Number of protein chains: 4
Amino acid sequence: MSPWAYVRARVRVCMCACVRVLALFFNFSQIFQFKNIIMNIAFIGLGVMGLPMSLNLIKGGHRVRGYTLLEKDMAAFVAGGGIAAKSSAEAVRDAGLIISMLPAGEHVRAAVFDPGGIAGGMPESALYVDMSTIGPLETDRIRGQLAGRGLSMMDAPVGRTSAAARTGTLLIFAGGTPEQIARAEPAFKCMGERTIDCGGAGRGIRMKLVNNFMSISLNALASECMVFADALGVSRPLAIDVMGGTPAGRGHFTTTYPKKVFANDLAPDFALNLAHKDLGLALDAANTLHVPLPLGAAAREIYSMARAKKMGALDWTALLRFYEETANPKG
Amino acid sequence: MSPWAYVRARVRVCMCACVRVLALFFNFSQIFQFKNIIMNIAFIGLGVMGLPMSLNLIKGGHRVRGYTLLEKDMAAFVAGGGIAAKSSAEAVRDAGLIISMLPAGEHVRAAVFDPGGIAGGMPESALYVDMSTIGPLETDRIRGQLAGRGLSMMDAPVGRTSAAARTGTLLIFAGGTPEQIARAEPAFKCMGERTIDCGGAGRGIRMKLVNNFMSISLNALASECMVFADALGVSRPLAIDVMGGTPAGRGHFTTTYPKKVFANDLAPDFALNLAHKDLGLALDAANTLHVPLPLGAAAREIYSMARAKKMGALDWTALLRFYEETANPKG
Amino acid sequence: MSPWAYVRARVRVCMCACVRVLALFFNFSQIFQFKNIIMNIAFIGLGVMGLPMSLNLIKGGHRVRGYTLLEKDMAAFVAGGGIAAKSSAEAVRDAGLIISMLPAGEHVRAAVFDPGGIAGGMPESALYVDMSTIGPLETDRIRGQLAGRGLSMMDAPVGRTSAAARTGTLLIFAGGTPEQIARAEPAFKCMGERTIDCGGAGRGIRMKLVNNFMSISLNALASECMVFADALGVSRPLAIDVMGGTPAGRGHFTTTYPKKVFANDLAPDFALNLAHKDLGLALDAANTLHVPLPLGAAAREIYSMARAKKMGALDWTALLRFYEETANPKG
Amino acid sequence: MSPWAYVRARVRVCMCACVRVLALFFNFSQIFQFKNIIMNIAFIGLGVMGLPMSLNLIKGGHRVRGYTLLEKDMAAFVAGGGIAAKSSAEAVRDAGLIISMLPAGEHVRAAVFDPGGIAGGMPESALYVDMSTIGPLETDRIRGQLAGRGLSMMDAPVGRTSAAARTGTLLIFAGGTPEQIARAEPAFKCMGERTIDCGGAGRGIRMKLVNNFMSISLNALASECMVFADALGVSRPLAIDVMGGTPAGRGHFTTTYPKKVFANDLAPDFALNLAHKDLGLALDAANTLHVPLPLGAAAREIYSMARAKKMGALDWTALLRFYEETANPKG
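Residues numbered from 1 in each chain as written. Chains lettered and ligands numbered in written order. Predicted model: local features only at pLDDT ≥ 70, side-chain atom pairs only at ≥ 80, totals over all residues. Heavy atoms only, no water.

Engineer: Provide a residue-level description of the packing of helix α11 (residues 203-232) of chain D against helix α12 (residues 236-243) of chain D, including the pertinent values.
Structural biologist: Between two packed helices, what matters for the description is the angle formed by their axes and the separation of those axes. All names here are of chain D. Running from N to C, α11 and α12 point in directions that differ by 125°, and their axes come no closer than 10 Å. Accordingly, the angle class assigned to the pair α11 and α12 is oblique. Our pair here, α11 against α12, has a crossing hand that is right-handed. Contacts between α11 and α12 involve Cys225, Met226 and Asp230 on the former and, on the latter, Arg236, Ile240 and Met243. When grouped by side-chain class, the residues that make up the contact of α11 with α12 number four nonpolar, no polar and two charged. (Axes fitted to C-alpha atoms, helices over the stretch in contact; angles between N-to-C directions. Helix = DSSP H or I, 4+ residues; strand = E, 2+ residues; numbered from the N terminus. Parallel < 35°, antiparallel > 145°, perpendicular 65-115°, else oblique. Left-handed = near helix turned anticlockwise from the far one by under 90°. Contact = heavy atoms within 4.5 Å. Nonpolar A, V, L, I, M, F, W, Y, C, P; charged D, E, K, R; others polar.)

Engineer: Which residues make up the sheet that holds strand β1 (residues 40-44) of chain B, and what are the values?
Structural biologist: Residues and elements named next belong to chain B. The sheet built from six strands is open, its strands ordered β3-β2-β1-β4-β5-β6 with parallel pairing. Strands at the two margins of the open sheet, each flanked by one partner only, are β3 (83-84) and β6 (152-155). Bridge count for β1 against strand β2 (residues 63-67) is five bridges, and the pairing is parallel. Paired with isoleucine 41 across the bridge in β2 is valine 64. The sheet strands contacting helix α10 (residues 178-191) are β1, β4 (97-100), β5 (127-130) and β6, and the helix crosses β6 at an angle near 50°. (Pairing = 2+ DSSP bridges.)

Engineer: Could you give me a rundown of the relation of the copies chain B and chain A, with the residues and numbers involved?
Structural biologist: Think of it as a corkscrew move, a rotation about one axis and a shift along it, taking one chain copy to the other. Superposition of chain B onto chain A requires a rotation of 180° combined with a translation of 0.1 Å along the rotation axis, giving an RMSD of 0.8 Å. What the rotation and shift describe, once combined, is the action of a two-fold rotation axis. Taking C-alpha positions as reference, the residue of chain B nearest the rotation axis is Leu295(B), located at 2.6 Å. (Least-squares fit on C-alpha atoms with pLDDT ≥ 70 in both.)

Engineer: Talk me through the interface of chain C and chain D; I want residue IDs and the actual numbers.
Structural biologist: Contacts between the two partners involve 98 residues from chain C and, on the opposite side, 98 residues from chain D. For the pair chain C and chain D, the summed buried area comes to about 8600 Å², and 72% of that belongs to carbon and sulfur atoms. Counting every contact that joins chain C to chain D gives four salt bridges. Asp241(D) serves as the salt-bridge partner of Arg194(C), at 3.0 Å between the closest nitrogen and oxygen. At the boundary of chain C with chain D, the tally comes to 36 residue pairs in polar contact (both at pLDDT 80 or more). (Buried area = accessible area lost by both parts, 1.4 Å probe. Salt bridge = Lys/Arg side-chain N within 4 Å of Asp/Glu carboxyl O. Polar contact = N/O pair within 3.5 Å; in protein donor to acceptor, adjacent residues only side chain to side chain.)

Engineer: Could you give an account of the sheet that holds strand β7 (residues 158-159) of chain B, naming the residues involved and the relevant values?
Structural biologist: Residues and elements named next belong to chain B. With mixed pairing, the three strands of this open sheet are ordered in space as β7-β8-β9. Lying at the two open borders of the sheet, with one neighbouring strand each, are β7 and β9 (192-197). Taken together, the five bridges between strand β8 (residues 170-174) and β9 define a ladder with parallel strand orientation. Bridge assignment links leucine 171 to a residue of β9, and that residue is arginine 194.

Engineer: Can you tell me about helix α17 (residues 319-326) of chain A, naming the residues and giving the values?
Structural biologist: Among the eight residues that make up α17(A), six are buried, leaving the element largely enclosed by the rest of the structure. Within α17(A), burial applies to Leu319(A), Leu320(A), Arg321(A), Phe322(A), Tyr323(A) and Thr326(A). (Buried < 20%, exposed > 50% of the residue type's maximum accessible area, 1.4 Å probe, protein only.)

Engineer: Give a detailed account of the packing of aromatic side chains, specifying residues and quantitative values.
Structural biologist: Taken as a whole and judged by the stated rule, the model has 20 aromatic pairs over all chains. Both rings, one in Tyr257(C) and one in Phe262(C), keep their centres 5.4 Å apart while their planes meet at 75°; by these two values the pair is edge-to-face. Judged by its relative accessible area of 0%, Tyr257(C) falls in the buried class. For Phe262(C), a relative accessible area of 28% puts it in the partly exposed group. Summarising the aromatic geometry, the rings of Phe253(D) and Tyr257(D) are spaced 6.2 Å apart at their centres and angled 75° between planes, so their arrangement reads as edge-to-face. (Phe/Tyr/Trp six-rings, centres within 6.5 Å; stacked < 30°, edge-to-face > 60°.)

Here it is as structure tokens:
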């Protein structure tokens, strides 16, 4: 080995050591991000969510070309290091990854297929990730139409709030093949805290819709519960404390369902008939007290239907069976 | 001080010390239970809940005289060490504590006021504890009528299931003065795991109603969520895992509400308008897939009302404000 | 035929002719009323409805003894020719017909069974008619308890408004045997325009409840329709004119149902699937326009359930079949 | 009078007589149709509704060129005298009037704007009439986009059933300028019994949506009423007969509303509080009898809200006021 080769080898060893030390400083995800600094990303839609998400991509070292309709948003994007494009088609021309974050399905459809849209400029080698929250059937249609042109699309809507968009701690519901998800992951890591593989194309938006259906409806039910407690003179802190130890506060998915209906055990721990009765007492009291409980009222009629199907003596979780028999999904 | 007095004093000190040591061994509640072994309790209603509860009182050392309509239940009660009475009036004659556990308000009213009922035999020194789940206004009326006769009543309905009644691990929602609750506590301890002081007369049944309203309605919503996930092809384990990290699974009481609407901060983390939009996407998809979401549909109209009240740009937790403005409790 | 027999026959013919002539002058109802001028009636409850009803009985020539709690009402009753009683028991003592008109089931129960109540003074020969609107199961219980004491009761709640109570043009939903109804008819005629024989004991209150359920819920639906029309810019007069020619304004009972579902013809004149679709269009538009349609939203989920039961291709009136299969009445 | 004038006068009289005789043969509408026999009409969408409608146009003497996707439908159209076109664009090329009758908004949009669509072939002089039932905002968007190209569109969805489509007795909800409606009237006359001028562009589909919202939701409510009557043992014929004389069967638009809420008279004929109470009695009975009343349950909560707004002592028609205050239409 020549002295020079020796020096080079030593230097290489030292550099490796340095890299390892650095790897102890920066965590691995940052290292991986580092590796991806050369990614060319197009970002369509720079609004309340899109702008902070795109800025986090830039901070993560990516080269981001953006397009949006509002000049103000574009100015903020450029001020943060983004490159302005004059159309979606122009933004996506050199991109390896194309992201859209738009308000509704019609905007996504327009951004993709209108003249000057994504489909008009997107390289066949690129991956298009729609992170908007739109109807799942619309997602499927757009993906199908793009596939017909040889273009690749996945869905990856996000959970949490605009604050999480700013801090890069979104929840990312990834709907695509494992390869697509892996390919987008360096970008997802800059924007989100956790990427959830939802099991295939279109499953990201579906998972998000399930989650949001539940949390948004539950918000209404929780509000009903609070005003009902108020009207009855039950203190909110007490009510919340008590419900923290019951399915009222902890939900059914990890408490009653696993032991009973998920386990096919419908022997009554708490009979559906009694649940129906207690809900009736609550509605009577509430209607006397001028407290509207529209979700509770809808729930009582469902219990009533389940009782008419002779489920009254079963466990209250048998209500899931009633719903299963009532629904008849096509897809 | 005579030597004898001295010895006695020393013995007393030693005994006190022994008691203290014992108190470290056995916890206080057990000590108090020991003290109460001689309590005379009347138990009216020996059904699915009442029977195991009364048997736990007997196991706790109390003398329990019971009355019920079904011979089979009475036989099981006697076999467990209970003393049979021929009427409620007879059962309560010597009791310090009277407990009733009956199916509905009309049964409680009859058990108390009908000829041969509790009110006819109850000593003025006794405390009557209704542990049934009945309407709160009915509880108030019965308590008021008894008070007019110089008789004392509190409410203490129970949470959890008949299994918990057997194992003595019920949740007891105590509605009475602190003195009443303390007096009944030795009996509660035999039947329940936790006694919750709900803040005064009639507040026990109210607290229970709030809790049950929430858990029972939530059961319907949780079922809707599961069949919706099924129809969309989202796996239940994935959905439950994901929702375990969001308000969908964790509820709003300890997540979004404390930070936002409880703190009077209605700046949008997640705008009510967007919640309304996402719920609409869910309902569209569900109605296409033949999945009925009656609670979700009721919820969307509430969001629609809140939007009409110009709350759309506020945080989604502002829905509680809408409910507060909509309700107008009298009591 | 003897001459005498001939004379008797002629006289009989003449008398018949006279009766017929009289019948042309006075109509039969007036004749019967005339006959009943000597009826002794007790009237319990002289409120917004009871007071004008009792005054119409007095105008009809009956002797009416009344009892009520409010002095003001009693004064008006006495001013109108009524006889004041100091208790229900006193009021009913000499009565052939006893009428109660009270706000709710608990008041009726108290008026009948409390000390000084109807049951305490009512002659066995009398007929008790409860004209209050109370729960049908409560009616049945009270009637059963009175029957146990050998006392006779029927139900006859009224339709229409307090204005109709004043003008004696109420609708009377009579629930009793034909003999009971005939016996009460002279009184009913003074108070009402039409007596409807609803088919037996307890059926009067049931018929009224069905009618009121429909008209009261329909009021909500009609209001939804009006605000929806307003929001869409459709003029109310036009909408009402158009709907006057369709089931929207004319109802289904005499238009679509007789031809289709009542006739077991479920071939689609208008397919249930299309009804579901149009309701979806309406809800979409309304939710965009900030118009809440809670009943419409509940309806859509019912159509969704019916579609899941493979009724989508049937006539929209097949929805009745869905409800029939969903309900399972016990009684 | 000269002999010639006399002859002319006689001839005129004879001709008038002949015209009258002809008018007895052909009715006037047919006469007017005769005038229009030269109209060139394009008909896009020849399904369950479109096919019989187009055939009625042909019977009316018009020359109809049609386009549809299903070969079977096209065959029936041609067999009935229609002229087959290979695309929408081809069908509309020579048309003075273009009619589309398609299942949903997306189909209309595609039929208009896709390559080979209506917009590609339509002469500027023609009038396009969309008779499909689609969302009103979609109608507005399509009309606006066509206007941008100098093309004229109106909406004219139809009421009644496919049977009425065959017999040419549809109800036509015309949304356009008076000139547009007059121009399309010769065609409308062949297909419908009555053309309703709904007051301008987009108002046809809006009027239809209001009508259908009401009749479709009412179908659900009517079914609830029937199963409730069944469960209570009230005979359907009796119930329908009785309700035929009350707002339950006659609706509120022409009975209670004109006298009360439309006349700004909210003094209680029937107090909202009493309506709320009766609905509660109905729901209690129904829930005891295992009869689900989801629309009734939703209605009760609305009454509860109105009571909380201190409307309880007002007339029940004040519920419309509550809805007016709750909604806040933007458009």
